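Here is what each chain is made of, one letter per residue.
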Amino acid sequence: AGTKNVWISAQKKHNLISIAIKDNGIGFDSDALLSVNNSGISSGLLCVKERLRLFGGSLSICSKPHVGTVVTLLLPVETDLVESSIGNEKISHC
């Protein structure tokens, strides 16, 4: 809320994909959000966190009031992905 800018970056280093979403909005106390038995996270973020965990990944949220928020997703990937194209769609096979 209250943001004017959002930055999204994605990187692949070795066998790890990192996606970061950053804004300069009003922010919030992320420690308080994450400390409520892990259920203080909205159900959407909780689902993302759990799915990433199932694949060996993680979700982190860093926010400060009046500064903004950074959400980072980390996901390990196989290094031998085979990509094929069908029409305009790109499909990755492990």
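Residues numbered from 1 in each chain as written. Predicted model: local features only at pLDDT ≥ 70, side-chain atom pairs only at ≥ 80, totals over all residues. Heavy atoms only, no water.

Student: What exactly am I supposed to notice about the nonpolar core here?
Tutor: Inside soluble globular proteins, nonpolar side chains tend to come together where they are buried. Among the nonpolar cores identified, the biggest contains five residues, and these are L52, L59, I61, V71 and L73. Contributing elements (two or more residues each) for this core: β3 (58-64) and β4 (68-76). Here L73 is in contact with I17, S18, I19, I21, V48, L52, S58 and L59, once residues within four sequence places are set aside. (Core = buried A, V, L, I, M, F, W, Y, C linked by side-chain atoms within 4.5 Å. Buried < 20%, exposed > 50% of the residue type's maximum accessible area, 1.4 Å probe, protein only. Helix = DSSP H or I, 4+ residues; strand = E, 2+ residues; numbered from the N terminus. Contact = heavy atoms within 4.5 Å.)

Student: I keep staring at the packing of aromatic side chains and nothing clicks. Help me out?
Tutor: How two aromatic rings sit relative to each other is given by the distance of their centres and the angle of their planes. Enumeration over the complete set of coordinates arrives at zero aromatic pairs. The ring of W7 has K22 lying over it, and the distance from NZ or CZ to the ring centre is 5.8 Å. (Phe/Tyr/Trp six-rings, centres within 6.5 Å; stacked < 30°, edge-to-face > 60°. Lys NZ or Arg CZ within 6 Å of the ring centre and 35° of its normal.)

Student: Just to check I follow, could you spell out the pairing of β4 for this structure?
Tutor: Consecutive side chains of a regular strand alternate in pointing toward one face of the sheet and then the other. With eight bridges joining them, strand β2 (residues 16-23) and β4 adopt antiparallel strand pairing. Bridge pairing links A20 to T72 in β4. Bridge count between β3 and β4: seven bridges; the pairing is antiparallel. Along β4, the bridge assignment pairs C62 with V70. The turn joining β3 and β4, which pair antiparallel and follow one another in sequence, is formed by three residues; a positive phi near 70 degrees is taken by H66. (Pairing = 2+ DSSP bridges.)

Student: Which parts of the structure should I look at to understand unusual backbone geometry?
Tutor: One can expect most non-glycine residues to show negative phi and most peptide bonds to be in trans. Phi at H14 takes a positive value of approximately 55 degrees, unusual for a residue other than glycine. Residue placement: H14 occurs in the loop between β1 (6-13) and β2. Despite not being glycine, H66 has its phi angle at roughly 70 degrees, a positive value. Inspection of the secondary structure assignment puts H66 in the loop between β3 and β4.

Student: Help me understand the sheet that holds β3 in this model?
Tutor: Read across the sheet, four strands follow the order β1-β2-β4-β3 without closing on themselves; strand pairing throughout is antiparallel. The sheet is open, and its two edges are formed by β1 and β3, each paired on a single side. Strand-to-strand twist across the sheet, computed as the mean angle between neighbouring axes with direction ignored, equals 10 degrees. Pairing of β1 with β2 involves eight bridges; the strand directions are antiparallel. Directly across from V6, in β2, lies its bridge partner D23. This element, helix α2 (residues 43-54), spans β3 and β4 of the sheet and lies at about 140 degrees to β3. (Axes fitted to C-alpha atoms, helices over the stretch in contact; angles between N-to-C directions.)

Student: I would appreciate a short explanation of the side chain of S63 in the present structure.
Tutor: The residue S63 is located in strand β3 in this model. Within the structure, the side chain of S63 is placed 3.1 Å from the backbone oxygen of G68, a separation counted as a polar contact. Apart from residues no more than four positions distant in its own chain, S63 is found in contact with G27, F28, S30, G68 and T69. (Polar contact = N/O pair within 3.5 Å; in protein donor to acceptor, adjacent residues only side chain to side chain.)

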